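Understanding the architecture of this molecule
Single-letter residue listing:
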Amino acid sequence: MIAEPATLLTDYALAGATAWLAVLLFRAREGRSARSFWTLAFAASALGALLGGTWHGFAPGFAETVLVLLWKATVLSIGVASFGMLAGSAFATTPAAAAKALLAIAAAKLAIYSGWMLFHDDYVYVIADTGAAMAAVAALHGWSAIRKRDAASAWILGGVAVSALAAAVQASGFTPHRLFNHNDLYHVIQIGAMLLFYSGAKRL
């Protein structure tokens, strides 16, 4: 029995779309650190969506230990995705010295988040970590868009905006249909956000 069919399917759809975008971006790296880190972000996001969908869909059939490990892997994958986004944007928008400093900060944030999530399960911590990374990405690309008027930053800012919309929908609990809840709608909207992020990342 599948516990949450629509959530499983939309999470898997998000995972599949994001994984494909990761492959495309990997092929377009051209030795650029910004694109490489964003490729990591896409790959980790895809893994997180895959694991999350599995958790939502098959939780009743798993042993407690398996559920714990699956959830930990899910939230840690999301943390790696946030790290990749922030690191990639740092290398794309700031001088080398500043980018390396921001990389160190992003790595420290990931280490603290990972250590914390090993002993905590509440999704609010995932939201806080992702929200902080998104805010930093928006600040970096907002500054770059004003200074350089670069197309990449405009696309990535669009991705941040759609991600914020998706998060607001999820937090609202809005359920369009009894078989399609707020989590499912969040996943669908987030696919659009990933497409915008990809359009920006390949131009970095």
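It should be emphasised that the depicted structure is a prediction, and the values quoted were computed from it without experimental measurement.

Considerations on the overall build of the chain
Within the chain one finds seven helices and zero strands. Each helix and strand of the chain, ordered N terminal to C terminal, gives the series α-α-α-α-α-α-α. Its C-alpha atoms give the chain a radius of gyration of 17 Å, near enough to 17 Å, the size a compact globule of 204 residues would have. Based on the C-alpha atoms only, the size of the chain along its principal axes is roughly 50 × 35 × 30 Å.

Describing the packing of helix α2 (residues 33-58) against helix α7 (residues 182-201)
The N-to-C vectors of α2 and α7 enclose an angle of 165°; their axes lie 11 Å apart at closest approach. What the angle tells us is that α2 and α7 run roughly antiparallel. As for the relative orientation of α2 and α7, their crossing is left-handed in sense. The residues of α7 that touch α2, namely those facing Arg-35, Trp-38, Phe-42, Ser-45 and His-56, are Asn-183, Met-194, Phe-197, Tyr-198 and Ala-201.

Examining helix α6 (residues 151-172)
With 22 residues, α6 extends 32 Å between its outermost C-alpha atoms, agreeing within 8% with the 32 Å of an ideal straight helix rising 1.5 Å per residue. Restricting attention to buried positions, one finds in α6 the residues Ala-152, Ser-153, Ile-156, Gly-159, Val-160, Ser-163, Ala-166, Val-169 and Gln-170. Looking at the residues trailing α6, positive phi occurs at Gly-173, about 75°.

Some thoughts on the nonpolar core
Core analysis: the largest hydrophobic core is formed by 22 residues, its most contacted members being Trp-38, Phe-42, Met-85, Phe-197 and Leu-204. Leu-86, Ala-87, Ala-106 and Leu-110 belong to the second largest nonpolar core, which has eight residues in total.

What to know about unusual backbone geometry
Even without a glycine there, the phi angle at Glu-30 is positive, about 55°. For Glu-30, the position within the fold is in the loop between α1 (5-27) and α2. Although it is not a glycine, Arg-149 sits at a positive phi angle of roughly 55°. Within the element layout of this structure, Arg-149 appears in the loop between α5 (123-148) and α6. The exposed category is assigned to Arg-149, whose relative accessible area is 74%.

Remarks on the confidence of the model for the chain
Low-pLDDT portions of the prediction should not be read for the details of their coordinates. Across the chain, pLDDT averages 95, with 100% of residues at or above 70. When pLDDT is averaged over each helix and strand of the chain, the minimum, 94, is found for α6 and the maximum, 97, for helix α4 (residues 96-117).

Calculation rules
Residues numbered from 1 in each chain as written. Predicted model: local features only at pLDDT ≥ 70, side-chain atom pairs only at ≥ 80, totals over all residues. Heavy atoms only, no water. Helix = DSSP H or I, 4+ residues; strand = E, 2+ residues; numbered from the N terminus. Rg over C-alpha atoms; globule rule 2.2 N^0.38 Å. Axes fitted to C-alpha atoms, helices over the stretch in contact; angles between N-to-C directions. Parallel < 35°, antiparallel > 145°, perpendicular 65-115°, else oblique. Left-handed = near helix turned anticlockwise from the far one by under 90°. Contact = heavy atoms within 4.5 Å. Expected span 1.5 Å × (residues − 1). Buried < 20%, exposed > 50% of the residue type's maximum accessible area, 1.4 Å probe, protein only. Core = buried A, V, L, I, M, F, W, Y, C linked by side-chain atoms within 4.5 Å. pLDDT = per-residue confidence, 0-100.

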